[in-house]
Amino acid sequence: MHDNSDDPLCPECGAQLPPADPRFTVWCPACGWNVDPTGALAALTPTERARRDERLARQEQALERMPRDGAPGPSWSAPACAATALATVVNLITIALAGTGVWLLVTGTWPQRVLGALEVAVAVALRPRRPRIPQRTLGRAEAPALHTVIDRVAKELGTVPAHLVAVDTRFGPAYSLPGPRGRRVLILGLPLWEALTPDQRVALIAGELAHDAGRRRVSARWTTAALTSLAVWTDLFRPGRSRQARQDALYTGAGFSATGPHTGGSAGGLVALVEMITWPLLAIPAYAAGRTHRLLTGLSVHSRAQSAYAADAAAARVASAESAEGMVRALLLAETAAFALERFSRSADDVWRELRTYLATVPETERARRLRLSERQGSATTGDSLPPTHLRLRAMRHLPHAEPKVAPSPEEADAMDAELDAVRQALAEDLRTYYGK
């Protein structure tokens, strides 16, 4: 038993602090002192705090509407219908823009044809983008054991199995339909995969495949297309800001700051002058696009949360509730894994072995701090498209406990690991090149 008589006391509440690990932050579980050593939460403006609280309240409401047993619940709700209607209006504007542009190009005068060409160009910019697939992929011939497990999971869920598995260095999975033929690609983030046990990996696969079941996938694509169009509209109306940085913010629902024109160092004097003149005219449509984006994002919260909770419940049915919960808890280590991966890419011979060892030795106090920080941040640890991690864990407490329906044998687990060895080496080389070892 640990003798904690020499452990330091919390400077805020005087409680005894847990044993310190020099690799991680010292904090107080009793009062939350130093739970956020970066001070990011304290630095939030009143507006940012209000938006965070509003977002968290919506997520709480979405959780309260979910059935306690993890059943999918109704496919449509009032917020979901409103989100679909608003997305339809936005997408119809894009379609109408393309249609009128083509009509002017065919039947109009020369000035009208110029306008038509401009409309077609804008419509092309507003078109939905096909997601990019990571370079490292595994077909059935390269990874038969992995695809066999995926097929078994898909059969249990009653959905279509993935045609291809892609692997990259993100901390989390994804599911994509990149081409017009409807070929499904399951994307596995190797850092998270390495942090999971074999049964938790099955839960990860089940959760991603479950997102593809039912009508929510179609509705999500329709809404995403509208959000992308609104992001591009704002990009067109706000040319002075960094294009990629703004789009990254827009796609995560964190952009649309209508505080004035931003002319970076790359803008020449003439460009800056034109932006100063046109800013008053462009500010109104930019603000309208931003507000519409925020409204559509807020309306789609319930649908996205319902889909995520249903996917978690499906993962629990296939791989057991304990495995699904362990998988979700591992998501809390995203930032920890990112820093470790950079360090090991610069210094370690076997990047992935060092990462596995490091993540396996993260103490419970650090995991608890990450969970407490997730609660205070009110957002997911791996992307705002998912509910906050602490709410997903809360929903899992009510899921029934049963034997897993898909449980890979030790031989299957070893075979799946061996099939990823070549990808591990390739991604390790990519990381060493990126970090300049």
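Numbering of residues starts from 1 in each chain and follows the order in which that chain's sequence is written. Only residues with pLDDT of at least 70 get local features here, since the model is predicted, and only at 80 or more are side-chain atom pairs given and counted; chain-wide, interface and lining totals rely on the full set of residues. As a rule here, side-chain values come from all non-hydrogen atoms in the structure, and water together with hydrogens is ignored.

An account of a nonpolar patch on the surface is requested, with residue identities and associated values reported.
A surface patch of nonpolar side chains, about 290 Å² in accessible area, is lined by Leu92, Ile95 and Trp222. The numbering of helices and of strands both runs from the N terminus, where a helix is a DSSP run of H or I of at least 4 residues and a strand a run of E of at least 2. Turning to its location among the elements, Ile95 is positioned in helix H2 (residues 78-107). Surface patches are defined over residues having more than 30% relative accessible area and no salt bridge, joining like charges when they lie within 9 Å and nonpolar side chains (Val, Leu, Ile, Met, Phe, Trp, Tyr) when within 5 Å. Here the accessible surface of atoms and residues is derived via Shrake-Rupley with a 1.4 Å probe, and residues count as covered only by protein chains that are part of the display. Only one rule defines a salt bridge in this text: a Lys or Arg side-chain nitrogen within 4 Å of an Asp or Glu carboxyl oxygen.

An account of the nonpolar core is needed here, citing residue identities and associated values.
Within the largest apolar cluster, 67 residues are counted, with the highest numbers of intra-cluster contacts made by Leu146, Val153, Trp193 and Ile205. By definition in these notes, contact holds between two residues if any of their heavy atoms fall within 4.5 Å. Once residues within four sequence positions are removed from consideration, Ile205 is found in contact with Leu146, Val149, Ile150, Val153, Leu186 and Trp193. For our purposes a nonpolar core is just a set of buried Ala, Val, Leu, Ile, Met, Phe, Trp, Tyr and Cys residues, chained together by side-chain atoms within 4.5 Å. Exposure categories follow from relative accessible area, calculated using a 1.4 Å probe and restricted to protein chains: below 20% of the type maximum is buried, above 50% is exposed, and the middle band is partly exposed.

Describe the packing of H2 against helix H3 (residues 110-126), listing the residues and the values that go with them.
What counts as an axis is a line fitted to C-alpha atoms, over the stretch in contact for a helix, and the angles between N-to-C directions run from 0 to 180 degrees. Taken N-terminus to C-terminus, the directions of H2 and H3 make an angle of 150°; their axes are 7 Å apart at the nearest point. Between H2 and H3, the crossing angle belongs to the class labelled roughly antiparallel. Taken as a pair, H2 and H3 cross one another with a handedness that is left-handed. Only Gln112, Arg113, Leu115, Gly116, Ala117, Glu119, Val120, Val122, Ala123 and Leu126 of H3 make contact with H2, whose side of the interface consists of Thr94, Leu97, Ala98, Thr100, Gly101, Val102, Leu104, Leu105 and Val106. Among the residues making up the contact of H2 with H3, the classes are represented as 12 nonpolar, 5 polar and 2 charged. Just so you know how the angles are binned, under 35 degrees is roughly parallel, over 145 roughly antiparallel, 65 to 115 roughly perpendicular, and the rest oblique. Handedness of each helix crossing follows the sense of rotation of the near helix against the far helix: counterclockwise by less than a right angle gives left-handed, clockwise gives right-handed. When residues are grouped by polarity, Ala, Val, Leu, Ile, Met, Phe, Trp, Tyr, Cys and Pro land in nonpolar, Asp, Glu, Lys and Arg in charged, and all others, Gly among them, in polar.

Run through unusual backbone geometry, naming residues and quoting values.
One non-glycine residue with positive phi stands out, namely Asn34, at about 65°. Residue placement: Asn34 occurs in the segment before helix H1 (46-65). A positive phi is found at Ser320, a non-glycine position, where the angle reads about 95°. Note that Ser320 resides in the loop between helix H10 (301-319) and helix H11 (321-330). The class of Ser320 is buried, set by a relative accessible area of 7%.

Would you mind going over the sheet that holds strand E1 (residues 136-138) in detail, with residue names and values included?
Taken together, the 4 strands give an open sheet; going across it, the order is E1-E2-E4-E3, and neighbouring strands pair in mixed fashion. The open sheet has two edge strands, E1 and strand E3 (174-176), and neither has a second partner. Between one strand axis and the next, the sheet turns by 25° as a mean value, whatever way the strands run. Here, any two strands with at least 2 DSSP bridges between them count as paired. The pairing of E3 with strand E4 (residues 185-189) spans 3 bridges and is antiparallel. Considered in E4, the bridge of Ser176 is made with Val185. Across the sheet, helix H4 (residues 144-157) lies against E1, strand E2 (164-168) and E4, angled at about 115° from E2, the strand it touches most.

Remember, this is a structural readout, not a statement about activity or role.
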